Amino acid sequence: MAEAVAEKKKSAWKVLGLALRNRKTGFMLLFGFASGLPFALFLGTLFAWLTEAEVDLETMGIFSLIGLAYAFQFLWSPLIDKVNIPLLRRLGRRKQWIVPAQVLLGTILVTMSVLEPKSQLGWFSLLAGIGAFASATQDIAINAWRIDVADDEATIDILSTVYQMGYRLSSLVGGAFGLIIAARIGWPETYALMGAILLAVGFVGLWAPNASETDADVATESELQVRALRKAGELSPTVRNRALALVGLLWAGAIGIVLAFMIMSMTYAPEDRPNPTEFTLNIGPWIIVATIILPALIAGWLASKKAKGEHLLTEDEAPATGGAYALDHLYRALVLPLVEFVGRMGWSLVLILAVVLTYRICDAIWGTFAYPFYLGELEYTNDDVAFASKFFGVGAIIAGLALGGFMLTSIGRMATLLIGGVLAALTNLLYADMAMGGANMQAFSDAVGFTYLISQIPEIGDPELAKLTITIAFENLAIGIAGAAYIAWLSSIVSKKFSAVQYALLSSLTLLVGTLGRGALGEMIENQGYYDVFILTTWIGLAAAVLVCFEWYRESRGKAAAGIVAPEAGERVPAE
């Protein structure tokens, strides 16, 4: 037994070593960094620059629109999955979007550095808005690239972990480091530097590897999928076009609502502008329903009709031409990804959605209330919180990601997903103790000598800060493990054929949880206090862990039915 365990650990280290030496892993770290840097600059650091430039808070509210680009990025994910950019297609299926987005982002940041925010706010906000859309587009393409290039050496588990490491590092560079250097060289120079970094990433990204498939393979596969729609045994064009019309109407309505809201916010007088928070809270869930839930039900209906042999072509039809050909391509881009996913998963989709909606619920909601808790409830200073959460906290989450990556290769994806979920849930109990005064956390910090170490740090040196720092460290360590496993699991259940659309749709459901949960959680904090909230989120996290157990059992049964008796820990089982 001991020899088997030792051999398994040795194998895990070997797999990890091979993955880290793979050039795909290096580019994944670079792309993760490029993905997180604009988010930090547009939705965090930018507000510090605007505040220093004496831009009023009401006007700054316009910039909260930037977050909508990230929240609703799935709306244009079908374009990223199926549309080719003239002349740039030779870069690769995903790089034709990634590299130009990075170059555009770098150019925007450099241009913003020569503008004066207060007197040129119109151009400033326009560039920031375009930058947010470019950044969100880059995220879609990078997530799809990660799924497409994964192989037996650079596994989806390792690539997902490394991606998050790069993302977290960029949040530190664009956030805390950005504030530090801006205080010394100025905001324009800081944004020019960040823009230069993204331009450099875009240049280096030209050499990133593509998936093993060639352009001809992709073009042939695309054409074959469209032609296959006219084969005997496929759904009749009449039924498909009705479904396409319904889904297209739902998506067009959702896109129209978002565009109308943005135009009103950018052009109306300040007192007449719609409230971004209220829009996300009240309209956001309905957009999710219109673009994900209802289309998924339509896709399920189509899959069931095909399984029952209803409304099918009895013989091959001639390849479509003209308008019918265009409709077949639209169906393939917009509806077929859902039909494929629902048809492949069946009723298991209910369990998968339950895991997606609950597993990261604490992270999705808690971020909004973290600073009010640290500063208001616990009465720490800004410097205290910056040290504990930004510097020490980011280090802890990167350590958690590294540990999560090793666990993925040694004990497997689902085991890591379960352990990470349980640990993340239990860390809420540490915060519950902090809400009651933190006596237990202080005693633990004293016992392990952490309080002494904190007291030796110049200009920090507050023993009371030790309990907050160690609490955040444990939480972020758990979040790192859970995050590594969650992104790897989510990436593993989508099909490479429709990776951009399926991943964007699933990951966007976190928006629904965060949007609905923040209002209810805020009201609960007001009425019952933080302690009860932390107990509740602990139970929610543990419930998510139970759902993971059911998903683990489902996947095990699926592998057994496919003849996969005992796959190696961390092995990627393609979801095709």
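It should be emphasised that the depicted structure is a prediction, and the values quoted were computed from it without experimental measurement. Each chain carries its own residue numbering, running from 1 in the written order of its sequence. Restriction of local features to residues with pLDDT of at least 70 applies here, the model being predicted, together with a cutoff of 80 or more for giving and counting side-chain atom pairs; totals for whole chains, interfaces and linings are based on all residues. The side-chain numbers reported here are obtained from all heavy atoms of the structure, hydrogens and water having been left aside.

S.K.: Which residues make up helix α2 (residues 23-52), and what are the values?
M.R.: Helix and strand labels come from DSSP, where a helix needs a run of H or I of at least four residues and a strand needs a run of E of at least two; each type is numbered from the N terminus. Here a helix's expected span is defined as the number of its residues, less one, multiplied by 1.5 Å. For α2, spanning 30 residues, the distance from its first C-alpha to its last is 42 Å, which sits close to the expected 44 Å at 1.5 Å a residue. Fitting one axis to the seven residues ending at a residue and another to the seven starting there, the bend at that residue is the angle between the two axes. Remark: the principal bend of α2, roughly 45°, maps to T45. Count one or two residues on from α2 and you reach E54, which has phi positive near 65°.

S.K.: Pulling in residues and values, what's your account of the pattern of salt bridges?
M.R.: Salt bridge, as used here, is a side-chain nitrogen of Lys or Arg placed within 4 Å of a carboxyl oxygen of Asp or Glu. Tallied over the full model, the rule gives 11 salt bridges. Linking D157 and R413 is a salt bridge whose minimum nitrogen-to-oxygen distance equals 2.8 Å. Note that D157 is positioned in helix α8 (residues 156-185) and R413 in helix α18 (residues 413-435), a separation of 256 residues in sequence. The exposure classification of D157 matches that of R413, with both residues buried. One salt bridge connects E317 with R230, and the closest N-O pair in it is separated by 3.1 Å. Residue E317 is located in the loop between α12 (276-308) and α13 (322-334), and its partner R230 is located in the loop between α10 (215-228) and α11 (237-267); the two are separated by 87 residues in the primary sequence. Any residue under 20% of the maximum accessible area for its type is buried, any over 50% is exposed, and the rest in between are partly exposed; the area is computed with a 1.4 Å probe on protein chains only. We classify R230 as buried; its relative accessible area is 10%.

S.K.: Lay out unusual backbone geometry in plain terms, naming residues and giving numbers.
M.R.: The backbone phi angle of L87 is positive, close to 75°, even though this residue is not glycine. With respect to the helices and strands, L87 occurs in the loop between α5 (77-82) and α6 (95-113). Within the chain, H311 stands out as a residue other than glycine whose phi angle is a positive 55°. As for its position among the elements, H311 is in the loop between α12 and α13. Relative accessible area serves as the criterion here: at 42%, H311 is assigned to the partly exposed category.

S.K.: Describe the nonpolar core, with residues and values.
M.R.: Here, the term nonpolar core denotes a set of buried Ala, Val, Leu, Ile, Met, Phe, Trp, Tyr and Cys residues that are joined through side-chain atoms within 4.5 Å. The biggest cluster of nonpolar side chains holds 119 residues, and the ones touching the most others in it are F72, F74, L302, Y331, W489 and I493. A total of 13 residues in this core trace back to one element, the largest contributor, which is helix α7 (residues 121-149). Membership of the second largest hydrophobic core comes to 27 residues, among which are A388, A466, I470 and Y530.

S.K.: Can you break down the side chain of S170 residue by residue, with the values?
M.R.: Of note, S170 is situated in helix α8. A residue is classified by how much of its surface remains accessible, and S170, at 0% relative accessible area, is buried. From its side chain, S170 meets the backbone oxygen of Y167 in a polar contact 2.6 Å long. The contact criterion used is simple: two residues touch if any of their non-hydrogen atoms lie within 4.5 Å. Not counting residues up to four positions away in its chain, the partners in contact with S170 are G32, F33, G36, L37, A40 and G175. Residues adjacent in sequence count toward polar contacts only when both atoms are side-chain atoms; beyond that, a polar contact is any pair of N or O atoms within 3.5 Å, and within protein one must be able to donate a hydrogen and the other to accept it.

S.K.: A description of the environment of G395 should follow, citing residues and the corresponding values.
M.R.: Within the element layout of this structure, G395 appears in helix α17 (residues 382-410). For G395, a relative accessible area of 39% translates into the label partly exposed. Placed 82 residues apart in sequence, G395 and L477 show a C-alpha to C-alpha distance of 8.9 Å.

S.K.: Lay out the packing of α13 against helix α14 (residues 336-345) with the relevant residues and their values.
M.R.: Two packed helices can be described by the angle between their axes and the distance between those axes. Here, axes are lines fitted to C-alpha atoms. For helices the fit covers the stretch in contact, and angles between N-to-C directions go from 0 to 180 degrees. At a minimum axis distance of 4 Å, the contact between α13 and α14 shows a crossing angle of 50°. Classified by the angle between their axes, α13 and α14 sit oblique to one another. Contacts between α13 and α14 involve Y331, R332, A333 and L334 from the first element and L336, P337, L338 and V339 from the second. Across the contact of α13 with α14, the residue classes tally to seven nonpolar, no polar and one charged. Put simply, angles under 35 degrees are roughly parallel, angles over 145 are roughly antiparallel, angles from 65 to 115 are roughly perpendicular, and the rest are oblique. Note on residue categories: nonpolar means Ala, Val, Leu, Ile, Met, Phe, Trp, Tyr, Cys or Pro, charged means Asp, Glu, Lys or Arg, and polar means any other residue, Gly included.

S.K.: Account for α8, with residues named and values stated.
M.R.: Between its first and last C-alpha atoms α8 spans 40 Å; for 30 residues at 1.5 Å apiece the expected length is 44 Å, and the two agree. Along α8, the sharpest change in direction is near 45° and occurs at G178. Positioned one or two residues after α8, G186 has a phi angle of 100°, which is positive.

S.K.: So what's going on with the packing of aromatic side chains? Residues and values would help.
M.R.: By convention, a stacked pair of Phe, Tyr or Trp rings (six-membered ring in the case of Trp) has centres within 6.5 Å and planes under 30 degrees apart, an edge-to-face pair has planes over 60 apart, and any other such pair is tilted. Enumeration according to the criterion identifies 19 aromatic pairs in this entry. Note on W76 and F133: the rings are 5.3 Å apart at their centroids and 50° apart in plane angle, and the pair reads as tilted. Of this pair, W76 sits in the loop between α4 (66-71) and α5 while F133 sits in helix α7; the two residues are 57 residues apart in sequence, bridging distant segments of the chain. The class for W76 is buried, based on a relative accessible area of 17%. F133 gets classed as partly exposed once you look at its relative accessible area, which sits at 30%. Grouped by ring-pair contacts, the aromatic residues F373, Y374, Y431, Y530 and F534 constitute a single cluster.

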